[in-house]
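What follows is the residue order along each chain.
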Amino acid sequence: MPHIAIIGAGITGVTTAYSLLNRGYSVTVIDRQRYAGMETSFANGGQLSASNAEVWNSWSTVFKGVKWMLRRDAPLLMNPAPTWHKYAWLGEFVLNIGSYRNNTIETVRLAIAAREHLFAIAEREGIDFDHERRGILHIYRDKASFQQALKVNAILVDGGLDRRPVTAAEVKSIEPALHGNFFGGFYTPSDSTGDIHKFTYGLAKVCERRGARFIFDATVRRIDRDGVHCIECSHDAPSGDQGRVDQIIEADGVVICAGSASRNFAAMLGDRLNIYPVKGYSITVHLDDEQSRKAAPWVSLLDDGAKIVTSRLGADRFRVAGTAELNGMNRDIRQDRIKPLVDWTRALFPSVDTNRVVPWAGLRPMMPNMMPRVGKGRMPGVFYNTGHGHLGWTLSAATAEMVAECVAGELTANRAERFHLEADRMA
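Reference entry: report on the structure contained in this document. (Residues numbered from 1 in each chain as written. Predicted model: local features only at pLDDT ≥ 70, side-chain atom pairs only at ≥ 80, totals over all residues. Heavy atoms only, no water.)

Right, let's get into the overall build of the chain. Within the chain, the secondary structure is distributed over 11 helices and 20 strands. Burial statistics for the chain: of 427 residues in total, 56% are counted as buried. When contacts within the chain are restricted to residue pairs at least 6 apart in sequence, long-range pairs at least 24 apart make up 74% of them. For the chain, the computed accessible surface area is about 18,500 Å², with 53% contributed by carbon and sulfur atoms. Taking the average place of the 51 positive charges on the side chains of the chain and the average place of its 47 negative ones, the gap between the two points comes to 5 Å. (Helix = DSSP H or I, 4+ residues; strand = E, 2+ residues; numbered from the N terminus. Buried < 20%, exposed > 50% of the residue type's maximum accessible area, 1.4 Å probe, protein only. Contact = heavy atoms within 4.5 Å. Areas by Shrake-Rupley, 256 points an atom, 1.4 Å probe, with all protein chains shown as cover. Lys, Arg positive; Asp, Glu negative; His and termini not counted. Charge placed at Lys NZ, Arg CZ, Asp CG, Glu CD.)

Here it is as structure tokens:
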């Protein structure tokens, strides 16, 4: 079978490797980190959330971004310093406002399909990732925001999602640990949560056992094509040796799954991929005492006004994540962006001890239309599975199947064409 190289060992790269292995391909995965799932797939909000499939392309998002520009703790923050990439991306973002409804419905359908693939993988391979199937509860503090959310809910339901409005009393009954006054909410019982890093790392180990080769600590310098793809990279020497090793990896096809870095690899391959890194933050609250463990919620929450999500990761960890920051390839963890997450936790769960909190920041790879880029590139044998934005964890299992089918279709057609050409030559 053909050899496929995958650039990126995050959730999309590893699920793609798994899907290709299932079809009998030889697979090599290349990543610049030492382990799988160490960048955007390390500590996100943890939600597998079809209920969060609404794309962001709307005038209300634009107006909020402008209004919040001078607030350092704003849920959506943009560094106004001019860069061509940022403003070109924003321009395309605005142009896609007209596709808001169709793209939201398509994303919902993709998310529903993805969850079935992911659950099946976890069960088949025995991957423990602190999975909690208790649903996701969206909460709203006032009537106006709830009424606006009703319109969004109608679109999500049109996409096939089982999601229902709930009263303030039902909000408290669904998650009794929640403190505060709320007008109402929406509950999606079929959504769930889990630890994305544990799943990605666990699935990478499964892929290794099934014959996939992983090259870590690797820098890809160039991708050439002359009959086959030649990927020039350098990586750490084998254990016990010193320095770096230069290597050329030959492959029949290459799949780009490199998150925000995918834009640069696409340029090497003659494709324009307008991905922008939108930074998100999280805190992992360690529940070190019995009171904190009892006071932290088990049902996953999404506070739409604060743009904050939560997930319970086993008995002793509570993940709180959110905010969006347009600041280029900046990975700095800023205290003024972490503080709102800690303050929110203290306000809504006052009995949870926040003495031991681990902050994190990751770059969500976002396309201007908020839709992942899945499929063929301009050159034969080039494929993409990237640009999932805030829904990489939610969509990856489905898009991996899509790109694997795309790879199989093109390479099968190429083999058939070569067979016929050889037959004609022999005749």
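This next bit is on the side chain of E175. Along the polypeptide, E175 turns up in the loop between α6 (168-174) and β7 (184-188). Lacking a salt bridge, the buried E175 has R134 as its closest oppositely charged neighbour, with an N-O distance of 6.9 Å. For E175, the side chain forms a polar contact with the main-chain nitrogen of W298, separated by 3.1 Å. Those residues in contact with E175 that sit more than four places away from it in its chain are L137, P297, W298, V299 and L301. (Salt bridge = Lys/Arg side-chain N within 4 Å of Asp/Glu carboxyl O. Polar contact = N/O pair within 3.5 Å; in protein donor to acceptor, adjacent residues only side chain to side chain.)

Let us look at the nonpolar core. Core analysis: the biggest nonpolar cluster contains 39 residues, and V27, F199 and L203 have the highest contact counts within it. Secondary structure elements with two or more residues in this core: β1 (3-7), α1 (11-22), β2 (26-30), α4 (100-125), α7 (196-209) and α11 (392-426). By residue number, the principal contributor to this core is α11, which donates 8 residues. If we skip the residues at most four places from it in the chain, L203 touches V14, T15, Y18, I121 and I127. (Core = buried A, V, L, I, M, F, W, Y, C linked by side-chain atoms within 4.5 Å.)

A rise of 1.5 Å per residue sets the reference length of helix α10 (residues 335-348), with its 14 residues, at 20 Å; its end C-alpha atoms lie 20 Å apart and thus fit the reference within 8%. All of the buried residues in α10 are R337, I338, L341, V342, W344, T345 and L348. An end-on view of α10 places all buried positions within 155 degrees of arc, on one side of the element. (Expected span 1.5 Å × (residues − 1). Arc of directions from axis to C-beta.)

Per the stated rule, a full pass over the model turns up 13 aromatic pairs. Considering the side-chain rings of W59 and F63, the 6.0 Å spacing of their centres and the 25 degrees angle between planes classify their relative orientation as stacked. Of the two residues, W59 and F63 both sit in helix α2 (residues 59-67), 4 residues apart, roughly one turn of that helix. Aromatic side chains F129 and W393 sit 5.8 Å apart centroid to centroid with 85 degrees between the ring planes, which places their arrangement in the edge-to-face category. Note that F129 is positioned in the loop between α4 and β5 (136-140) and W393 in helix α11, a separation of 264 residues in sequence. Judged by its relative accessible area of 2%, W393 falls in the buried class. Ring pairs connect the aromatic residues Y140, F146, F183 and F186, which therefore count as one cluster. (Phe/Tyr/Trp six-rings, centres within 6.5 Å; stacked < 30°, edge-to-face > 60°.)

Within the secondary structure, H235 sits in strand β11 (residues 228-236). For the pair H235 and V342, spaced 107 residues apart in the sequence, the C-alpha separation amounts to 38 Å. Not counting the four nearest positions on each side in its chain, H235 is found in contact with I215, F216, D217, A218, G243, R244, V245 and Q247. Here Q247 takes part through its side chain, which lies 2.6 Å from a polar atom of the side chain of H235.

All right, on to the packing of α1 against α7 then. Running from amino to carboxyl end, α1 crosses α7 at an angle of 35 degrees, the nearest separation of the two axes being 9 Å. The chirality of how α1 crosses α7 is left-handed. Counting all contacts with α1, which are made through I11, V14, T15, A17, Y18 and L21, the residues of α7 involved are I196, F199, T200, L203, A204, V206 and C207. When its residues are assigned to classes, the contact of α1 with α7 shows 11 nonpolar, 2 polar and no charged. (Axes fitted to C-alpha atoms, helices over the stretch in contact; angles between N-to-C directions. Left-handed = near helix turned anticlockwise from the far one by under 90°. Nonpolar A, V, L, I, M, F, W, Y, C, P; charged D, E, K, R; others polar.)

With 5 of 5 residues buried, β5 is to be regarded as a mostly interior element. Judged by which residues are buried, β5 turns out to be covered on both faces: I136, H138 and Y140 on one side and L137 and I139 on the other are all buried. As judged from the 4 bridges shared by β5 and strand β15 (residues 300-303), these two strands associate in the parallel manner. Across the sheet, L137 pairs through a bridge with L301, a residue of β15. (Pairing = 2+ DSSP bridges.)

Right, let's talk about unusual backbone geometry for a bit. For T323, which is not glycine, the phi torsion reads 70 degrees and is therefore positive. Tracing the sequence through the fold places T323 in strand β17 (residues 317-326). Backbone geometry places M370, a non-glycine residue, at a positive phi of 65 degrees. Mapped onto the elements of the fold, M370 is located in the loop between β18 (357-366) and β19 (373-376).

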